[in-house]
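Architecture and fold: a report
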Amino acid sequence: MGLTITEKIFSAHCKKECRAGDVVMAPVDGAMIHDITGPLAINVMKEMGGGSVFDPKKVIMLFDHQIPADSISAAENHVMMRTFAREQGIHNYDIKEGVCHQVVPEKGRVKPGDIVVGSDSHTCAYGALGAFSTGIGSTDMAYVLKFGELYFRVPETIRINANGKFQDRVGPKDLILTLAGDIGADGATYRALEFCGNAFSDMDIPGRMTCANMAIEMGAKAGIVPPDEKTWEYLRGRTDCTPFSLASDEEAKFFEKRNYDVSKINPKIAVPHNVDNVVDVTEVAGKPVDQVFIGSCTNGRYEDFAEAAEVLGENVFSEDVRVIMVPASKAEYMKVLKAGLIEKFVEAGALVEAPCCGPCMGGAFGLLAPGEVSLSTSNRNFRGRQGSTESFVFLSSPATAAASAITGVITDPREV
Amino acid sequence: MGRAWKFGDDIDTDAIIPGRFLTIYDPKELASHAFEGTRNDFAAEAKDGDVIVAGRNFGCGSSREHAPLALKGAGIEFVVAKSFARIFYRNAINTGVLPLVCPDTDKIADGAEVFVNLKEAYIEAGDRRYPLEPIPEFMMRIVEAGGLVEYAKMRGNK
């Protein structure tokens, strides 16, 4: 019987055949910690007896959630992590590079076939490059930092087979929101998602990152796109790995298979307060918004800002909307800058901030007051996620966000 | 014995402990902000021995371990739910809050007097007993060691 990509990755790491359902201790190729969950992991590692990390070259450290430090306690956490990095010989990207899930792939810290863990639930994003990557808590991370391995239950796989061409101004975010709506917030719990079909092979790496990023919103442990020429092209110059073939065997056992024709997908929006409350944008069109956020690990790349700029055209943003734009990394920021888009956005009325998580998790800045409505390109709209528990967060693509920022009300991007 | 704190489906970790409190690590201090804004009576009134009783997908969302720590700080030893989100489940076991699966949580009312018998795997509410599903064997080894920290110490000393 054949194996899924996930089973192959675990088999290679454990040097024995691993099947879905097996509980294995697997070595990891990378472990990412950031300013929110890192300090707790470091403290717990000390409780476990401290000592050296398993391999400082495989530990990725950066600060992205509360930067520049938004409180004295955040500043203290940064100091504590910097000290740990120095003591352990870990390279620390500090506050300078951007959001973890953009920086890790960008800096070549992940490659196809790897097992990477991060103390952040959206670590599943690196599946865009054909890795098995998953989010873990701080105590599990402490164990990984110390021993370089972790218990995993090898997950069954749900294969998503998406084909066809997207309509204009419809794209990967609309597809992944569609999946979240269909599969539900816990429909893929303990499973891996595998993204196949020509909609994914035609999709650029940033689009694949958007999709893999949100696998967790269905409860999934991972969301993997099989590596192809686009993957190897992205990795060229970032890593020294040479192309190899990695795909599920056709006769592999899948938990479920789902087929999608992406040409039939309309612009989608997740309405408060769950990511799986997904409807067509037209169903809530006309609702006034107070704030629009374009950015985050889900949609903070150059391509997302280019999409917003294309929708913006010669328009300006509504006087009644606060438009906050945050490129996900320094490299993406520079691309947006050099393309002249920052000037365009600022002139149109937006605030463009330096790379960080921004308003996504209601920490550093851009919080909402009771009754306020935010339209965000990020990945979660839980009650209170971006501020007051009496506020409302909607999730959409950058195109829908830009269209709504122009009109001041939720707007189908095909109509501006 | 303790009281049941009843919650519905898809209780996310932002509800359990909002993002703005994540620079805090002390369980008691976290507990003072648990469910802030969504269920304010919890932090004020929860006490040792109380049990959280919930629907499906408890603990979905962020990997923040502050969520089980906040519950632990409030005196919660057991969360009984129809199902759990994966990361929360592991975090809870690692930090010593036991996540227990029970399909019958709809039958337990908010405020009910409840008692969890781990050995015989049931939760008692009123005069009824509802069975709890067993914790997977490999997770039980961590529970029996007293959490992942103790498990790691045992391994480190080998």
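In this text, all values refer to a predicted model and were calculated from it rather than measured experimentally. (Residues numbered from 1 in each chain as written. Chains lettered and ligands numbered in written order. Predicted model: local features only at pLDDT ≥ 70, side-chain atom pairs only at ≥ 80, totals over all residues.)

1. A look at the overall build of chain A
To keep it simple, the criterion reads: Secondary structure follows DSSP: runs of H or I at least 4 residues long count as helices, runs of E at least 2 residues long count as strands, and numbering of each begins at the N terminus. For the exposure call, what matters is how many other C-beta atoms sit within 10 Å of a residue's own: 20 or more marks it buried, 12 or fewer exposed, and in between partly exposed, using C-beta atoms placed from the backbone. Each residue is represented by a C-beta atom placed from its backbone, and any two residues with such atoms within 7 Å are regarded as in contact.
Summing up its helical and strand segments, chain A has 15 helices and 17 strands in all. Seen through its principal axes, chain A has C-alpha atoms that stretch 60 × 50 × 40 Å. Within chain A, the fraction of its 416 residues that count as buried is 61%. Taking contacts inside chain A between residues at least 6 apart in sequence as the whole, the part at least 24 apart equals 77%.

2. Side note on the sheet that holds strand E2 (residues 51–54) of chain B
Residues and elements named next belong to chain B. As a reminder, the rule being used: Two strands are counted as paired when DSSP detects at least two bridges linking them. Axis geometry follows a simple rule: fit a line to the C-alpha atoms, using only the stretch in contact for helices, then measure angles between N-to-C directions, giving values from 0 to 180 degrees.
In spatial order, the strands read E4-E3-E2-E1-E5-E6-E7; together these 7 strands make up an open sheet with mixed pairing. A strand with exactly one partner marks an edge of an open sheet, and here the two such strands are strand E4 (98–101) and strand E7 (128–131). Ignoring which end each strand starts from, the neighbouring axes of this sheet average 35° apart. Across 3 bridges, the pairing between strand E1 (residues 2–6) and E2 is parallel. Considered in E2, the bridge of Lys6 is made with Val53.

3. Overview of the interface of chain B and chain A
Keep this limit in mind: Residues are grouped as follows: Ala, Val, Leu, Ile, Met, Phe, Trp, Tyr, Cys and Pro are nonpolar; Asp, Glu, Lys and Arg are charged; all remaining types, including Gly, are polar.
Between chain B and chain A, the contact holds 34 residues from the first and 42 residues from the second. Residues belonging to the side of chain B that touches chain A are distributed by class as follows: 11 nonpolar, 13 polar and 10 charged.

4. Let's talk about the domain arrangement of chain A
Residues and elements named next belong to chain A. Threshold: A domain assignment, automatic or from a database, supplies the domain bounds used here.
Taken domain by domain, chain A comprises domain 1 (5–240 + 252–262) and domain 2 (268–415). On the side of domain 2, 32 residues touch domain 1, which itself brings 32 residues to the contact. Of all the elements in the fold, those that place two or more residues in the side of domain 1 that touches domain 2 are helix H4 (100–106), helix H6 (172–183) and helix H8 (205–213). Counting residues per element, the side of domain 1 that touches domain 2 draws most heavily on H6, which supplies 6 residues.

5. Some points on the nonpolar core
For clarity, the cut-off: Nonpolar core, as used here: buried Ala, Val, Leu, Ile, Met, Phe, Trp, Tyr and Cys residues forming one set through C-beta atoms within 7 Å.
Core analysis: the largest hydrophobic core is formed by 180 residues, its most contacted members being A:Ala31, A:Ala180, A:Ala402, B:Ala34, B:Ala70, B:Val79 and B:Val80. Lining this core are residues from two domains, each supplying at least three of them: domain 1 (5–240 + 252–262) and domain 2 (268–415) of chain A. Once you skip the residues sitting within four places of it in the chain, A:Ala180 turns out to touch A:Met214, A:Glu217, A:Met218, A:Ala270, A:Val275, A:Asp276 and A:Val278.

6. Focus on the packing of helix H2 (residues 38–47) of chain A against helix H3 (residues 72–88) of chain A
Residue and element names in this part refer to chain A. Under the convention used in this document: Here the angle decides the label: under 35 degrees means roughly parallel, over 145 means roughly antiparallel, 65 to 115 means roughly perpendicular, and every other value means oblique. Left-handed describes a crossing whose near helix is turned anticlockwise from the far helix through less than a right angle; right-handed describes the clockwise counterpart.
Look at H2 against H3: their axes get within 9 Å of each other, and the N-to-C directions meet at 50°. Here H3 runs oblique to H2, going by the angle between their axes. In this structure, H2 meets H3 at a crossing whose hand is left-handed. Judged by residue contacts, Gly38, Pro39 and Ile42 of H2 engage Asn77, Met80, Met81 and Phe84 from H3. Its residues assigned to classes, the contact of H2 with H3 comprises 5 nonpolar, 2 polar and no charged.

7. A short note on the sheet that holds strand E10 (residues 256–261) of chain A
Residues and elements named next belong to chain A. The strand order across the open sheet built from 4 strands is E9-E8-E7-E10, with neighbouring strands paired in parallel fashion. If you trace the sheet from one side to the other, it starts and ends with strand E9 (222–224) and E10, each paired once. Adjacent strand axes in the sheet meet at a mean angle of 20°, parallel and antiparallel pairs treated alike. Relative to E10, strand E7 (residues 156–163) is paired through 6 bridges, and the arrangement is parallel. Across the sheet, Asn163 pairs through a bridge with Asp261, a residue of E10. Where helix H1 (residues 5–14) meets the sheet, it contacts E7, strand E8 (191–196) and E9, and its direction lies at approximately 105° from that of E9.

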